[in-house]
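# A closer look at the structure
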Amino acid sequence: MKRYIKPAIITVLSILVVLFIIISVALWLVFTPERLTPIVRNQAEKHMPYQTEIGEVELTFFSTFPQFGLRVNDLTILSPYSGATNDTLLHAGQFTGIIDFKAWWKNDQVVIEKIVLKNGLVNLFTDSTGNSNFSLFLDENEKIKDETDEKEKSDSEFSFDLINIKRADFDNLNIYYTDLTSNIVTEVTQLSTSITGKMEEDNIIGSIDLKNANIIFQMEEMYTEVGNLAATGDFGIQGDEITGSFDIKRGNAIYLYDTMEAIVKNFSGSISGTMLPDHIVGNINISQSLITFGYDGETYLDNASVIIDAPSSTFIPSRVFLNLDNAKASVNQLAAHVSGTMEVDTSGIIHTDMGYQLENWRIREIIAMIPPAFHEYLEGIETDGLVSSTGKITGIYSDSVMPLMDIKLQLKNGSFNYAEYPLPLRNMNGDVHIFTDLADDARSFVRINRFNASTTNSSFTTSGVINRLFSDIHTNLSTSANLWMEEFNHLIPEELNTSMKGRLNGRIRSNFTMSQMENMELEKMKLSGSATFTEFEMVYDTISLKATGSKLDFALPNPDFSDKNPGFAQIKFSTSDFFASVNENMQTTVKNGELLLETSDFRDSTRVPQVICTFNLEELYAEMDTIRLSIRQPNGRFTLAPMAENPEQPDIELYYKGDYLELFAGENNIEIGKVDLRTGLQHVAPSEEDFFMQWLINGFLDMSDANFALHALSYPVQIPVVKMDFDPENFNFKEGRMIIGNSDFYLAGEMRNILSWVRGDSILTGRFNFDSEITDVTQLMSLTSGLGIEESVENLDEKTSADIANNGEFTGPYMVPQGVDFILQSNIRKVTFGVDTARNVLGEVIINDGILVLQDLTFSTSAADMQMTSIYRTPRKNHLYLGLDFHMLDIQINDLLNLIPDIDTIMPMLRSFDGTGEFHIAVETYMDSTYTLKMSTLRGASSVVGNDLVLMDGETFGQIARRFWFSRRAENKVDSLSAEFTIFEDQVDIYPFLIVIDRYGAIISGNHNLDMTFDYHISLVRSPLPFRLGLNVRGTPDKMRYGLRWPRYGRYYRPSSQRLVANKQLELRDIIRQSLLQNIRRREENQNQE
Amino acid sequence: MKKFLYFFGLSILGVLIFTGCDKDDDFDDALLTGKWQSGTLFERYFANGTGYRWNTADDVREDEAQDFTWTLVKDELTQIHIMEIGGNVPRYYSVTELTSTRLRYEGHGRKYSFTKVNN
């Protein structure tokens, strides 16, 4: 075997050498460029419509081994054309083509083994009339086409079964195309690419390896440039279906239009798909790119990293229909997923049905993309967080119609800080649903499912719905807040001088429209909420508030609205400990208080609002200057309503109940054990100045265990119990027990005409039962002195008001209240008046318009039972009237003198008598302000009747007895005494009266003056003497002068002479006695009538 | 008998003499009406038999004067002073002069002299 190998090798090598020699001879000797070039030039001249210059044509073998190739160097086609930038239509520095002639010859297939074009230039130009520098090619093509059509008609088949371009290399190909008809300039420069392809029947497949290309496309104002483009890909055409898949390795692009500028750098990615005549389906992927986008001089994106991944995308050109399936695009890592369709109809209206999803977009990065021109709006703002959103945009978009947007936004871990809003927010989380077509109010809404944020120590959460977005925005929100108030002090304007502390935990529900808010239509708004204050403190200027454990609830409108309850608002406030102060001079403390306030619209100026306020406190304390008020368990109800007949005026009702009240006001102190007050006030006469004239007041008062120690009252007043009804005209004391100073009394009755009295239309009347164990008249007089007396200019020099000394003691004259008509039916067990005491005082005490009357008072003293009627009238402070009608029916004469020492002055001879007598006196006088008698006004009449008296042995009696030769004994019995005397000014007249002593009887008459000078006459009308005697006694008690005279009176009261004076005296004496006794008879008649 | 006649005749003469010496003044009460003044003391008489009395020395004004009723029979002037409390205080005087400008009366150990004042 080995012996055949060597010859075989030698043979093959010999053959190869021979072939090499043959080919070399053919290349260098037969098919030399000098021989081929003319041939090709001749053919070019025949077939090329333009001038063609061919530098050299050569046959290649070794450089295209193992195939033969044809290489043309410096091929140039010239087509000079006016307006074209260059005469060269086409230039190829080197063009090499290798064709498989065997396949062409045997199989009728075009197999291009390789085409190489280096340094190529194509320069196409079309002028504004549509003529171009390559139009002759078109004409030639038309000719060829016609010929082809003729041939197709005959063959009806493509002439080649296969066209196979195994490789086409273009190196540094530059193509320029200018079309002035469309103002299009296109440049493809430095194009280097390799293309392979195969066309078999209607099927074409191929691949391209674009190593580099620079493309410029300019049309009108639009300029597009793609540079440094490199890509590889495969493509295929099968009938109408074109498929392709390309990887873009690199590239840069610039797009300019008007003021828009878009620059894409370093983009890479892939694109694949299938294109039918009106249907494109494919995937687009831009794995990286840096985009700069500007518009109108403003840069909106600056080298933003943009990634796009659009798999399974469909585009239908005829409908301008785009379908994206889970396409993803991101700008600077802000990614959005988009799915759905978009279509532009023939009228330019866009139909969308597109869904999207944003995931965790960082707000800081979004803001970073905001153009600098808008940075001023964000000055001082620092915000961050993650925003996610899903949504769907469906419907029509046109100039007038917007698609329906269904957008859901989520915010996570957001933060917000504004330099001028010194309360940074953090932990902002939100879930918002926006549903709108930007036009239809009925469909559009924003639903805040949740939005919460917090500060360092506070947080709040809100949710709700906002709708009617494009007309009158309507909000229905619920907000909860937990606020540390100290954080908000920075938000309060400094000029308000306000600060807060503590914690507020609250919730607010709001339901209103913007127009309602702008117009403050509170009656249409719905607001409700509650707030709990913990250790809350607030200082506003001079006002301080502290609230521990307080809660405030409010509702607008009132949820408990009814026919009785106003519907505008309801406020509930409760506190365990509430403190308020103003200027540190006024302060209020409330413990465990509850307040419920319901009101109608208080802004209605045409009527008083309806207000119901119910309160219930455990303890209330208030202090202002020297006033201190403390109340336990105050509770009640205050209602304010417009008056039915005059809605502008208030109708007030107050029900108040309290356990213990203590009020200190300077030197005044009031304590009340329990109060139950029900009252109504109607503002019937607002034009009146006097409070009592303006208001109609009625109600009921039940008060017990009250103590009043008032500066205006000289003595403390205790009220164990008082119950009374009152209305504008009447006070009805159902029960009133009082202790005033030393007095203790029970008072019941009615007081009438109160309002009329205030108006001046009537006097104030009162009818009371006055039942007392002990009454200190002096103290009561000091309390009531001067009530109702008005000061007048006329009386300035002598005030009619009561005089109260600095120590509160009553010093001036007692001035009887005027304008009143009071009757006290008195039943007093003990009365003290100064040092005097009376018991079992029964009768009426009448105070009638400046007149005090003690009417038919009966009482007992240690001396006797007495009956007295007294009138005390005070027309002027320096002109006081006192009238007494005094009856003592069984009294010791010496007790009488002790009881009323002044009687000794009026009738000094009574000092000489002892025994029991009957005493009547009626006397009146005026006094000055010091109670000094005005003697010129003194009037009086008196009667003394005594039986079995004893005439005391005194110095005066001794003098008289010596003159009449009486027997001198220590006691001289007086059988009877009946005397009348009158007082007129400073003079006392003793009318003739008879005394009988033993065997003597004498009639005494005369007068004496209050200066104790006297002039008496004694007529001895019965004696053992055989004659009658008379004795005149004149002088003063210290210096009496006696003189025997003829007796003036006869026996048994008969005058001793017929002198008219004596007769008249007897007549007048009867007048006196009858007038005195008339007072007793009148009382007896009254008693009988009763 | 002659002695009896002597005493009887002497008695008649005495009666006649004393009767003739008795005062028998008859003043016209119409002259009394009006306002009279005696120092600070004033009295006003009305024709209907009423009047009042006051003394300005005690700071009493005319409208605060105290009432009385009066009668004047011949020279007997009776004043019944009326007390508001009830009861009367009678005063009896003898008028000694009453003209259109002067009034004098006396009684109760006192003498009063008034002059008429206008209004």
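Residues numbered from 1 in each chain as written. Chains lettered and ligands numbered in written order. Predicted model: local features only at pLDDT ≥ 70, side-chain atom pairs only at ≥ 80, totals over all residues.

In the annotation of an unreviewed UniProt entry, the entry for chain B reads Lipocalin-like domain-containing protein, and the organism field reads Alkalitalea saponilacus.

Per an unreviewed UniProt entry, chain A is named AsmA-like C-terminal region, and its organism is Alkalitalea saponilacus.

Along the backbone of chain B there are one helix and eight strands. Across chain B, helices and strands are ordered from the amino to the carboxyl terminus as α-β-β-β-β-β-β-β-β. Expressed as a percentage of the 119 residues in chain B, the buried residues total 27%. (Helix = DSSP H or I, 4+ residues; strand = E, 2+ residues; numbered from the N terminus. Buried ≥ 20, exposed ≤ 12 C-beta atoms within 10 Å, placed from the backbone.)

Of regular secondary structure, chain A possesses 13 helices and 52 strands. Within chain A, buried positions represent 24% of all 1090 residues. Of the contacts formed within chain A by residues at least 6 apart in sequence, a portion of 48% connects residues at least 24 apart. (Contact = placed C-beta atoms within 7 Å.)

Contact with chain B, which involves 20 residues of that partner, is made by 32 residues of chain A. A total of five residues in the side of chain B that touches chain A trace back to one element, the largest contributor, which is strand E6 (residues 88-98) of chain B. By residue class, the composition of the side of chain B that touches chain A is seven nonpolar, eight polar and five charged. (Nonpolar A, V, L, I, M, F, W, Y, C, P; charged D, E, K, R; others polar.)

Our focus in this paragraph is the pairing of strand E5 (residues 76-82) of chain B. Residue and element names in this part refer to chain B. Because side chains alternate across E5, one face comprises the buried residues Leu 77, Gln 79 and His 81, and the other comprises Glu 76, Thr 78, Ile 80 and Ile 82, none of which is buried. In this structure, strand E4 (residues 66-73) lies alongside E5, joined through six bridges in antiparallel fashion. In the strand pairing of E5, Val 73 is matched with Glu 76. With seven bridges connecting them, E5 and E6 associate as antiparallel partners. Note on E6: the bridge partner recorded for Ile 82 is Asn 88. (Pairing = 2+ DSSP bridges.)

Here chain A averages 82 in pLDDT, while 88% of its residues score no lower than 70. Note that pLDDT drops below 50 for residues 791-802 of chain A; the model gives that stretch 20 contacts with residues more than four away or on any other chain. (pLDDT = per-residue confidence, 0-100.)

All right, on to the nonpolar core then. Residue and element names in this part refer to chain A. Counting residues in each nonpolar core, the largest one holds 88 residues, and the members touching the most others are Leu 977, Phe 993, Ile 995 and Ala 1002. Among the elements that take part in this core, strand E48 (residues 987-997) stands out by supplying seven residues, more than any other. Each of two domains, domain 2 (713-787 + 807-836) and domain 3 (903-1089), supplies a minimum of three residues to this core. For Phe 993, the residues in contact, after removing those within four places along its chain, are Leu 977, Ser 978, Ala 979, Ile 1003 and Ile 1004. (Core = buried A, V, L, I, M, F, W, Y, C linked by C-beta atoms within 7 Å. Domains from an automatic or database assignment.)

Residues and elements named next belong to chain B. Per-residue confidence for chain B gives a mean pLDDT of 82, with 78% of residues at or over 70. Low confidence marks residues 10-23, where pLDDT is under 50. Its contacts with residues over four positions away, or in another chain, come to one contact. For this predicted complex, the interface confidence score (ipTM) comes to 0.86, while the overall pTM stands at 0.64.

Residue and element names in this part refer to chain A. Most of strand E45 (residues 916-927) is tucked away, with 10 of its 12 residues classed as buried. Judged from the 11 bridges that link them, strand E43 (residues 879-892) and E45 form a sheet pairing that is antiparallel. Its bridge partner being in E45, Gln 892 is matched across the sheet by Thr 916.

Attention now moves to the sheet that holds strand E7 (residues 102-107) of chain B. Residues and elements named next belong to chain B. Read around the closed barrel, eight strands run E1-E2-E3-E4-E5-E6-E7-E8, paired in antiparallel fashion. Sheet twist, expressed as the average angle between the axes of neighbouring strands with direction ignored, equals 35°. Relative to E4, strand E3 (residues 50-55) runs antiparallel, the two sharing four bridges. Along E4, the bridge assignment pairs Gly 51 with Phe 68. (Axes fitted to C-alpha atoms, helices over the stretch in contact; angles between N-to-C directions.)

Turning next to the environment of Asn 183 of chain A. Residue and element names in this part refer to chain A. With respect to the secondary-structure elements, Asn 183 resides in the loop between strand E5 (162-179) and strand E6 (184-200). The spatial distance from the C-alpha of Asn 183 to the C-alpha of Glu 220 is 5.7 Å, given a sequence separation of 37 residues. When sequence neighbours within four positions are dropped, the list of residues in contact with Asn 183 reads Met 219 and Glu 220.

Attention now moves to the environment of Asn 769 of chain A. All names here are of chain A. For Asn 769, the location among the structural elements is in strand E38 (residues 764-776). Take Asn 769: there are 16 C-beta atoms within 10 Å of it, and that puts it in the partly exposed class. Measuring from C-alpha to C-alpha, the distance between Asn 769 and Glu 750 comes to 9.3 Å, with 19 residues separating the pair along the chain. Setting aside residues no more than four positions away along its own chain, Asn 769 makes contact with Ala 748, Gly 749 and Gln 825.

Here we take up unusual backbone geometry. All names here are of chain A. A cis amide bond links Leu 556 with the next residue in sequence, Pro 557, at an omega value of 10°. Mapped onto the elements of the fold, Pro 557 is located in the loop between strand E25 (550-556) and strand E26 (569-582). Of note, Asn 228 is a non-glycine position whose phi angle comes to about 55°, a positive value. Positive phi is not limited to glycine here, since Asn 360 has a value of about 50°.

Residues and elements named next belong to chain A. Residue placement: Asn 413 occurs in strand E17 (residues 404-418). The exposure class of Asn 413 is partly exposed, given the 14 C-beta atoms found within 10 Å. Expressed as a C-alpha distance, the spacing of Asn 413 and Leu 386, which sit 27 residues apart in the sequence, is 6.5 Å. Discounting chain neighbours no more than four positions away, the residues touching Asn 413 are Gly 385, Leu 386 and Asn 427.

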